[in-house]
Amino acid sequence: MSKAPPISNGMKQTHLFTKTRFEAPKDEVAKNAQLLIRAGFVHKDMAGVYSVLPLGLRVMKKIEQVVRYEMNMIGGQEISLASLQSKELWEKTNRWDDAVVDNWFKTKLKNDTELGLGFTHEEPITEIMKDHIRSYKDLPRSAYQFQTKFRNETRAKSGILRGREFLMKDLYSFSRNEEQHLKFYEKVKEAYWNIFNKVGLGEKTYYTFASGGVFAKFSHEFQTETDAGEDVIYHNIDSGEKKEAINKEVYTDEVKKDLKVGDNVIEKKTVEVGNIFTLGTRFSEPLGLTYVDENGESKPVFMGSYGIGIGRLMGTIVEVLATEKGMIWPESVSPFKVHLVELSQGDEMLKQKAIDLYEELISKGIEVLFDDRDARAGEKFADADLIGIPHRIVISKKTEEKGQLEYSNRITSETTGRSKEEILNILK
RNA sequence: CGGGACGUAGUGUAACGGUAGCAUAAAUGCUUUGGGAGCAUUCAGUCCGGGUUCAAAUCCCGGCGUCCCGACCA
């Protein structure tokens, strides 16, 4: 009896409060921000701070869902950590001092107690795990969240790729020793590849060796090739299928020798879309997160942390896949699956037919953005190209005469007359 | 944080120290209708605070804000 309200699968553009705009704002140079703002996906509040609007939020949620699935598959448990951070906790790991961490946003309670706005969460998650990890039998464990991070960057840039407030997926792992940790590390690596492949960035992404910190020779970054990026990596051409590279920051003769990389490399400009990091006991020791092993011995937990910037990922997808005409979303993260465009031009029968089709698609569980606006064809097509939904259906006098609908694909630009059944088959 | 550029209707752009204009968007009407239409009418602007001057969008000082290059990015 009870049916989910169909409204959540569909959106009429006459109802959507955001508008597209023809021109990009003059103060945005980055392609990602220009297109996302023009299409009404985000709104810039101030330098490095963007609010997310309905279409943009749908993309963010889709990306989250792709990431969430992979995190769950490797045993990650979703949580939500607080943004307000206590000074005392961070002093224990020597990360409160502005001389050590220069991008804290700090604030105060009414009684002058100092607080920070979380820029990462190793400390609080470690503190929490002290309540729940006692024995080697409790390990390994991992937990992740999607949460807004605050970083007081000296310079925000590249549109939404480097902001002061941004949504991030951060995963933390807890293992009994390095060996157990590395097993999980490899699983995260695979999960990350799945994620970047699913969101359409796999081909342009490189598993990159970067500086590792205290407990590991290297950390690993997933770097996606784009001119909007701020990192430089070197990819060994001889490595064939392997999408591996070395970050410029560690590209020394010694490292090249270590990784058996010759001089046959190409330089690429990239953006860091993910990272995986061995933390070892950097946090568990100062904070006292220990477990007891089989011999009754108390040992510090061996940790790792793994991040993916959700907003940055959205921006990178735009950078990599968009054309001059507009964005192109892979189906996995598109705000809607289909863009239904009606060109009824005052023909009530045709309009009703379009509405019926809209409702039918929704009832079949297909997400539809319905351009029911009373606008000219050119404007509608231009907006559809800008918004970048992968499948488009046009219903018009022309299609009516042929007894067909028109289907076109944003990615291939292929446009064909097809029956409704054929189209439903494509959308399956 | 160092250097540079800049700030004019919702958006994008003009204006020598002397009438703030154009385009677009928005509103109304008529025409038009498969790739950002046409005509007419309307709405709408000089970031903030000082100073110079008969007169400041324009020159000077301070602030705020934005972008770019660099540094930084644990």
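Quick caveat, the model's predicted, so the values are computed rather than measured.

*Asks:* So what's going on with the confidence of the model for chain A? Which residues, and what values?
*Replies:* When pLDDT is averaged along chain A, the result is 94, and 98% of the positions lie at 70 or above. Interface confidence in the predicted complex, given as ipTM, is 0.95; pTM for the same model is 0.96.

*Asks:* So what's going on with the pairing of strand β17 (residues 302–309)? Residues and values would help.
*Replies:* By the criterion of burial, β17 is predominantly enclosed, with eight of the eight residues buried. The alternating pattern of β17 places Phe 302, Gly 304, Tyr 306 and Ile 308 on one face and Met 303, Ser 305, Gly 307 and Gly 309 on the opposite face, and all of these are buried. Alignment of strand β9 (residues 165–175) against β17, held across eight bridges, turns out to be antiparallel. In the strand pairing of β17, Met 168 is matched with Gly 309. In this sheet, β17 lies alongside strand β14 (residues 265–280) in antiparallel orientation, the contact comprising six bridges. Counterpart to Thr 278 in the pairing with β17 is Gly 304.

*Asks:* Give me the lowdown on the sheet that holds strand β18 (residues 338–343), citing residues and values where you can.
*Replies:* The strand order across the open sheet formed by six strands is β1-β19-β18-β20-β21-β22, and the pairing between neighbours is mixed. Two strands bound the open sheet, and with one partner strand each, they are β1 (10–12) and β22 (415–418). For this sheet the average axis-to-axis angle between neighbouring strands, irrespective of direction, equals 20 degrees. Sheet topology note: the strand β21 (residues 405–409)/β22 ladder contains four bridges and is antiparallel. Counterpart to Ser 408 in the pairing with β22 is Thr 415. Docked against the sheet, helix α9 (residues 348–363) engages β1, β18, β19 (368–371) and β20 (391–396), running at close to 170 degrees with respect to β18.

*Asks:* Now, about the protein's contact with RNA strand B: what can you tell me, with residues and values included?
*Replies:* With respect to spatial proximity, 43 residues lie near RNA strand B, and among them Asp 27, Ala 47, Ala 377, Gly 378 and Ser 396 are the closest. Listed by contribution, the elements that provide at least two residues to the surface near RNA strand B are α10 (377–387), β20 and α11 (397–402). Sorting elements by how many residues they give to the surface near RNA strand B places α10 first, with eight residues. Split into classes, the residues belonging to the surface near RNA strand B amount to 15 nonpolar, 11 polar and 17 charged.

The rules behind these values
Residues numbered from 1 in each chain as written. Chains lettered and ligands numbered in written order. Predicted model: local features only at pLDDT ≥ 70, side-chain atom pairs only at ≥ 80, totals over all residues. pLDDT = per-residue confidence, 0-100. Buried ≥ 20, exposed ≤ 12 C-beta atoms within 10 Å, placed from the backbone. Helix = DSSP H or I, 4+ residues; strand = E, 2+ residues; numbered from the N terminus. Pairing = 2+ DSSP bridges. Axes fitted to C-alpha atoms, helices over the stretch in contact; angles between N-to-C directions. Contact = placed C-beta atoms within 7 Å. Near = placed C-beta within 6 Å. Nonpolar A, V, L, I, M, F, W, Y, C, P; charged D, E, K, R; others polar.

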